[in-house]
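# Working through the structure, step by step
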Amino acid sequence: MDRRLEILVQDGLVGGDQLAALRPAPGEGPLEALLRTGFVAEPAYLAAMAARTGWPVYDFAAPPDFASRVLAPELMRQYRAIPVGEDGGGILVAVADPFHAACLDDLQFLLGRPVRFAVASPRLISIVLAGLETESAPPPPPPTPPPPALDPELEPSDEDVGPAIRLVREFLDSGSTRGASELVLEPGEDAFRVRIRRLSTGDWVEVASHPRALYRAVVARLKILANVDIAERRVPQRGVVRLAEGDHPAVEVLVSTLPVGREEEVCLHFLPPRSRPPGVDELGLPAAAREGCEAWIAGRAGLFLSVGPALSGRSTTLLALAARLARAPGKLVAIGHGVHPSIPRGCQIAIDPSVGLTGPSALAAALRHRPTAVLYDAPLDREAAERLALAAEGVHVLASLPVPSPGAAVDRLLDMGLEPWPVSGSLRAVVSQRLVRLLCLACRQAAPGEPYPFRAKGCPACGHTGYSGRRAVFDALFLDDALRRSIVSRGRFPDPAADRSPLREAALALAREGLTTPEEALRTTN
């Protein structure tokens, strides 16, 4: 029940029989119907609200000219609130619902000045709002700061913005100033903390905490810049902020909100500027694996799987191979949850389940256009896997799976329900990979007399982690006829690496070269 109705019932101004007999007009709420029909006198309603809030009652003697100068009419209609004048260096705002907490918080942020509220008649609020003209609203005069602009390039200077806006600008610059790939805002009881994930090492580090009172203003600002619903806190939302400076390439920041308790956690994911993907020879593949990839690109069509856990570099490997295929004669189609600006040519399809464009349906539609290569950078379910296996009989297909090894990739396809013969017939290669952190050259510590030459120490240059940068290690498997016959006959994959750990051997080889530590090699490949 509306909090205002609860107060009227508690104060004895309206009874259950009156509420039951109430017949609101179309588009009218119960409270408005009570006031219209005279079941509750308007002065008695205003006195009850003022007594509960401690706010004054505002009576509109005439439409205020002040309102349109400080707040857009569409926002007044959205919040059913009208700025009516200045009040001791702040702004007095008359509201129809004094218990709409989200509305009050948003107004405090949007007006950018101290705000004092007053209780007003919903009827008079509606009359004043109906007379406002959106087109005639003049720009806000100084010293009142304007509502936050949607374009980050048009933000006011530091002297004119509040602490929340300055914090948001600092967070959005973290991709370049702090070398972050992600930044997360986590609300707490007395403060909210800021954590970043370093692009160079993949480590999460807490970098700051700020007063809890600023949190909702910061979240609202990010929502405005990302063009998502500022008032919606109940469901996750996603948006994009595009940052550009001079002639430098634009940087996109994905903004994601997640409801947690009565607040929202916010994650900023910094996408790199548009640039070319790495070449196949720049991935760090062993010579035999690199030659096998080049032979697959130049030779017979089939399915190529990149496997490994999340954040192991699978998408980078797929993009490098896709860019190589895009340079060959024919047509490349890329399917995923977003587009890949680094692919020099080819048709790209962004999956959108909200309109029925799922991964399998996009794949089926793309295959009707007779591509010669397909990059499927999306979660692989049974339907998509079956379509990819069939398409791979005549098309170069790239896809990924979150499994630890090449043998586990084959077993996962079979566990999905695919028959052994299309799996063995379509699969050409599986490459498993991990990202190993490299020792910081500024502070690594020599370890004389030990089998591995250096230990991690930590310094300000590496954030006191002892590591700076990462390198991929690989385990590549190219299927031959013997393996295919074994898959068909046994219905499982006889993993030739069952008695060894090629990824661990590659990581430990980096440690023996002094590029990382044995602890990091074991942690990454465990």
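As shown above, the structure is provided for reference.
Residues numbered from 1 in each chain as written. Predicted model: local features only at pLDDT ≥ 70, side-chain atom pairs only at ≥ 80, totals over all residues. Heavy atoms only, no water.

So, on to the overall build of the chain. When its secondary structure is counted, the chain shows 20 helices and 18 strands. Relative to its 526 residues, the chain shows a buried fraction of 47%. Residue pairs at least 24 apart in sequence account for 60% of intrachain contacts in the chain once pairs closer than 6 positions are excluded. When the accessible surface of the chain is summed, it comes to about 25500 Å², and 53% of that surface belongs to carbon and sulfur atoms. (Helix = DSSP H or I, 4+ residues; strand = E, 2+ residues; numbered from the N terminus. Buried < 20%, exposed > 50% of the residue type's maximum accessible area, 1.4 Å probe, protein only. Contact = heavy atoms within 4.5 Å. Areas by Shrake-Rupley, 256 points an atom, 1.4 Å probe, with all protein chains shown as cover.)

Before going further, it helps to spend a moment on the pairing of strand β1 (residues 81-87). Buried residues dominate β1, accounting for five of its seven residues. With six bridges joining them, β1 and strand β2 (residues 90-95) adopt antiparallel strand pairing. When the sheet's bridge partners are listed, Pro83 is paired in β2 with Val93. Hairpin geometry of β1 and β2 is characterised by an intervening segment of two residues between the two adjacent antiparallel strands and by a positive phi of about 60° at Gly88. (Pairing = 2+ DSSP bridges.)

In this section: the pairing of strand β4 (residues 180-187). Most of β4 is tucked away: seven of the eight residues are buried. Relative to strand β5 (residues 191-198), β4 runs antiparallel, the two being bridged by seven bridges. Bridged to Leu185 within β5 is Val194. Where β4 folds back on β5, the antiparallel hairpin that results is connected by three residues.

Turning to helix α14 (residues 359-367), a few remarks are in order. Side chains that are three or four residues apart share a direction in an α-helix, a result of its 3.6 residues per turn. Taken together, the buried positions of α14 are Gly359, Pro360, Ala362, Leu363, Ala364 and Ala366. In this structure, the buried side of α14 is in contact with β11 (332-336), β12 (347-350), β13 (373-377) and α15 (382-391).

This part takes up the pattern of salt bridges. If the charged atoms of two oppositely charged side chains come close together, the side chains can form a pair. Scanning all chains against the criterion turns up 20 salt bridges. Between Arg193 and Glu186 there is a salt bridge, with its nearest N and O atoms 2.4 Å apart. One salt bridge in this structure joins Arg437 and Asp203, with 2.7 Å as the shortest N-O distance. Here the residue Arg437 occupies a position in strand β15 (residues 427-439), and Asp203 occupies one in the loop between β5 and β6 (204-211), the gap between them amounting to 234 residues. For the pair shown, Arg437 and Asp203 are each scored as buried. Linked through salt bridges whose partners overlap, the residues forming this network are Glu186, Arg193, Arg195 and Glu206. (Salt bridge = Lys/Arg side-chain N within 4 Å of Asp/Glu carboxyl O.)

The next subject is the sheet that holds strand β3 (residues 115-119). Strand order in the open sheet made by the three strands is β1-β2-β3, with mixed pairing throughout. On the outer flanks of this sheet lie β1 and β3, each paired with one strand and no other. Averaged over all neighbouring strand pairs, the angle between strand axes comes to 30°, with direction disregarded. Alignment of β2 against β3, held across five bridges, turns out to be parallel. Across the sheet, Leu92 pairs through a bridge with Arg116, a residue of β3. (Axes fitted to C-alpha atoms, helices over the stretch in contact; angles between N-to-C directions.)

Time to look at the packing of aromatic side chains. Geometrically, a pair of aromatic rings is defined through the distance of the ring centres and the angle of the planes. In total, this model carries three aromatic pairs according to the counting rule given. For Arg437, the ring lying beneath its charged end belongs to Tyr467, and the centroid distance is 4.1 Å. Here the guanidinium or amino end of Arg444 rests over the ring plane of Phe454, the centre of that ring lying 3.9 Å away. (Phe/Tyr/Trp six-rings, centres within 6.5 Å; stacked < 30°, edge-to-face > 60°. Lys NZ or Arg CZ within 6 Å of the ring centre and 35° of its normal.)

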